[in-house]
Amino acid sequence: MEQAEMVLDNIRICEEFGTPLFVYNEDKMKSQYHKFVNAFDVPALRVHYACKALSNINVLRLFKDLGSGLDCVSLQEVQLGLKAGFKPEDILYTPNNVSEDEYKDVIDLGVKINVDNLQMLECLGVECPHVPVCIRINPHLMAGGNRNISVGHIDSKFGISIHQLPLIQRIVNSLNIDVEGIHVHTGSDIIDSEIFIKAAELVFAVVEKFDSVKYVDFGSGFKIKYKEGDLSTDIDRFGELFSKVFIKFSKDHNKDYELKFEPGKFLVSEAGDFFTKVNVVKQTTSCTFIGVDSGFNHLIRPMFYNAHHEIENISNPNGAKKVYSVVGYICETDTFASDRLISEVRTGDILRFKNSGAYCFSMASNYNSRFRPAEVLLSNGEPKLIRKRETLDDLLRNQIY
Ligand SMILES: *Cc1c(COP(=O)(O)O)cnc(C)c1O
């Protein structure tokens with residue numbers, strides 16, 4: 001589609017559904033999924049979409065229809081996945097610091113479980129002896145002082161330390177636990193494929209300790225560009241190199257391991273746009289603020305992670321560029337962007353925040369008693385409302401008065 005046509009379409013969508021509004025492009029999610037899958041050349045690959053990135057049930061269904069599995073971090077995400085039609089065995093539950101009761105509820109649903117502490121491993125081994133488990137390892141990829149791989153550090157709360165391998169083995173052997181998978185998700189940036197693969201070999205050393213292992217899950221860490229100059233994962237190159245290493249490992253052990261990944265951001269970030277309307281253009285002595293009909297209650301990433309979202313004025317795409325600070329309506333510091341060059345902005349203009357598919361709506365709240373935005377899915381170019389805008393009843397639900 002032509003750029004100008006797309007801008008018109010977006011304005012029409014905002015007129016129809018109102019702002020603030022999230023719009024997701026189904027084609028983009030599909031093409032990212034295919035790009036991901038096609039990057040690897042291994043006998044058995046399974047992608048589990050990490051649904052905490054964007055958990056609207058229509059998006060879950062879309063990934064199910066593409067053949068994806070699901071990565072869930074809570075009982076409620078598991079329940080949403082089942083409602084969306086995922087088979088229990090296609091869901092992997094990877095929580096952190098949850099209760100034994102929640103684990104048991106998920107086990108009762110037939111979902112695959114990932115255990116991330118020794119206490120739970122021991123407990124489940126005793127109480128649910130026939131349930132196969134996956135074990136989440138923290139490989140401390142920081143070892144070696146590599147600043148490209150920065151999470152999974154020694155004091156991270158996730159996973160069981162790789163240094164505790166002897167203890168894991170002792171528990172597994174004494175209780176006869178069926179370890180069907182080994183998992184790592186460090187959140188590390190996969191920017192330099194070679195270095196990541198070197199680190200992955202630490203994980204292989206764990207896998208070979210357990211004969212029962214059927215799959216190895218490398219989590220995620222796939223980066224996308226938020227702005228010009230950002231580093232991102234070259235997925236084709238990573239897939240090619242990683243596939244070779246993985247196949248060699250399988251061959252050396254005479255076993256067809258299944259390879260799993262759990263991308264979230266990679267699949268949905270770029271498919272999403274967030275549209276807000278300009279309420280006020282406010283000149284102060286030091287800068288020009290643009291105040292929009294939204295805030296960090298809807299898109300917290302800039303305030304929370306100092307994340308960068310490109311912002312375009314789709315109502316005046318050819319206007320002269322000016323320097324602005326884009327801020328929200330929350331009664332606290334609420335900055336989306338500082339000192340940005342944006343086409344001249346007037347009251348009533350619509351701003352587009354790019355890369356708003358992942359960790360935007362799913363982190364939205366009702367702070368300041370504001371309604372959360374509506375969500376629209378663009379399917380074959382047709383906009384379809386997939387979440388209604390909230391009303392006062394939603395704010396009052398469960399309040400006793
Ligand atoms: C959040 C999460 C992911 C997805 O991470 P992205 O950066 O969105 O790709 C994958 N696996 C687990 C266990 C997670 O917690």
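It should be emphasised that the depicted structure is a prediction, and the values quoted were computed from it without experimental measurement.

### Re the overall build of the protein
From N to C terminus, the protein includes 12 helices and 18 strands. Taking the principal axes of the C-alpha coordinates as reference, the protein spans close to 70 × 55 × 40 Å. Across the 401 residues in the protein, those meeting the buried criterion constitute 52%. In the protein, 67% of the contacts between residues at least 6 apart in sequence involve partners at least 24 apart. As displayed, the protein offers around 18,800 Å² of accessible surface, 49% of which is attributable to carbon and sulfur atoms.

### Remarks on the site of the ligand
Lining the immediate surroundings of the ligand are A50, K52, D71, V73, T94, H185, S220, E262, P263, G264, K265 and Y359. At 3.4 Å from a nitrogen atom of the ligand is found a side-chain nitrogen or oxygen belonging to D71. Y359 places a side-chain nitrogen or oxygen 2.5 Å from an oxygen atom of the ligand. Computed on the free molecule, the ligand has an accessible area of 390 Å², of which 90% lies beneath the protein chains in the complex.

### Topic: the pairing of strand β5 (residues 112-115)
When strand β4 (residues 91-93) meets β5, the two strands line up parallel, connected through 2 bridges. Opposite Y93, over in β5, you have I113 as the bridge partner. Following the chain from β4 across helix α5 (residues 100-108) to the adjacent parallel β5, one finds a crossover that is right-handed. In this sheet, strand β6 (residues 133-138) lies alongside β5 in parallel orientation, the contact comprising 3 bridges. Note that in β6 the partner of I113 across the bridge is V133.

### A few points about empty space enclosed by the protein
In the structure shown here, the tally under the stated rule is 2 cavities of 30 Å³ or more. The computed volume of the largest cavity comes to approximately 70 Å³. Lining the largest cavity are P139, L141, V184, H185, T186, F196, A199, A200, V203, F218 and S220. Roughly 30 Å³ of internal volume is contained in the second largest cavity. The wall of the second largest cavity is formed by L124, G125, C128, P129, V131, V133, L175 and I177. Across the lining of the second largest cavity, the residue classes tally to 7 nonpolar, 1 polar and no charged.

### Some words on the layout of surface pockets
There is about 610 Å³ of room inside the second largest pocket. Around the second largest pocket, the lining comprises 28 residues; the ones closest to its centre are M6, N25, D273, R352 and L378. Going through the elements one at a time, α1 (3-17), β1 (21-25), α2 (26-38) and β11 (272-283) are the ones with two or more residues in the lining of the second largest pocket. A per-element tally of the lining of the second largest pocket places α1 first, with 6 residues. Across the lining of the second largest pocket, the residue classes break down as 9 nonpolar, 6 polar and 13 charged.

### Considerations on the packing of α2 against helix α3 (residues 57-66)
When two helices pack together, their arrangement is given by the angle between their axes and by how far apart the axes lie. Where α2 meets α3, the closest approach of the two axes is 11 Å, and the angle between their N-to-C directions is 40°. Comparing their axes, α3 and α2 come out oblique. With respect to the hand of their crossing, α2 and α3 are arranged in right-handed fashion. Of α3, the residues touching α2 (which contributes E26, M29, K30, Y33 and H34) are V59, L62, F63 and L66. Its residues assigned to classes, the contact of α2 with α3 comprises 6 nonpolar, 1 polar and 2 charged.

### Brief notes about the packing of aromatic side chains
The description of two aromatic rings rests on the distance between their centres and on the angle between their planes. In total, this model carries 29 aromatic pairs according to the counting rule given. For the ring pair F22 and F361, a centre distance of 5.9 Å and an interplane angle of 85° mean the geometry is edge-to-face. On the criterion of sequence distance, the pair formed by F22 in strand β1 and F361 in the loop between β16 (350-353) and β17 (374-379) is long-range, its members being 339 residues apart. Like F361, F22 is buried. Relative to F222, the ring of F36 lies with its centre 5.0 Å away and its plane at 90°, an arrangement referred to as edge-to-face. With a gap of 186 residues between them, F36 in helix α2 and F222 in the loop between β9 (215-217) and α9 (235-252) connect regions that are remote in the sequence.

### Concerning the packing of helix α8 (residues 193-207) against α9
Between α8 and α9, the least distance of the axes is 11 Å, while the angle of their chain directions is 25°. Accordingly, the angle class assigned to the pair α8 and α9 is roughly parallel. Our pair here, α8 against α9, has a crossing hand that is right-handed. Residue-level inspection shows S193, E194, F196, I197, A200, E201, F204 and V207 of α8 in contact with α9, the latter providing R237, F238, L241, F242, V245, F246 and F249. Looking at the contact of α8 with α9, its residues break down into 11 nonpolar, 1 polar and 3 charged.

### Notes on the pattern of salt bridges
Counting across every chain of the model gives 20 salt bridges. Of the charged contacts in the structure, one is a salt bridge between R387 and E375, with a shortest N-O distance of 2.6 Å. Taken together, the positions of R387 in strand β18 (residues 382-387) and E375 in strand β17 put the pair 12 residues apart, joining distant regions of the chain. For E375, a relative accessible area of 0% corresponds to the buried category.

### Structural notes on helix α4 (residues 75-84)
Taken residue by residue, α4 has L75, E77, V78, G81 and A84 as its buried positions. Residues of α4 that are buried sit in contact with α3, β3 (69-72), β4 and α5. Two residues or fewer past α4, G85 is found with a positive phi of approximately 105°.

Conventions adopted
- Residues numbered from 1 in each chain as written.
- Predicted model: local features only at pLDDT ≥ 70, side-chain atom pairs only at ≥ 80, totals over all residues.
- Heavy atoms only, no water.
- Helix = DSSP H or I, 4+ residues; strand = E, 2+ residues; numbered from the N terminus.
- Buried < 20%, exposed > 50% of the residue type's maximum accessible area, 1.4 Å probe, protein only.
- Contact = heavy atoms within 4.5 Å.
- Areas by Shrake-Rupley, 256 points an atom, 1.4 Å probe, with all protein chains shown as cover.
- Near = heavy atom within 4 Å.
- Polar contact = N/O pair within 3.5 Å; in protein donor to acceptor, adjacent residues only side chain to side chain.
- Pairing = 2+ DSSP bridges.
- Right-handed = clockwise from strand over helix to strand, strands pointing away.
- 1 Å grid on protein atoms, 1.4 Å probe; cavity = no way out; pocket = protein on both sides within 12 Å on 5 of 7 lines; lining within 4 Å.
- Points joined across faces, edges and corners; volume = space filled by probe spheres on them.
- Nonpolar A, V, L, I, M, F, W, Y, C, P; charged D, E, K, R; others polar.
- Axes fitted to C-alpha atoms, helices over the stretch in contact; angles between N-to-C directions.
- Parallel < 35°, antiparallel > 145°, perpendicular 65-115°, else oblique.
- Left-handed = near helix turned anticlockwise from the far one by under 90°.
- Phe/Tyr/Trp six-rings, centres within 6.5 Å; stacked < 30°, edge-to-face > 60°.
- Salt bridge = Lys/Arg side-chain N within 4 Å of Asp/Glu carboxyl O.

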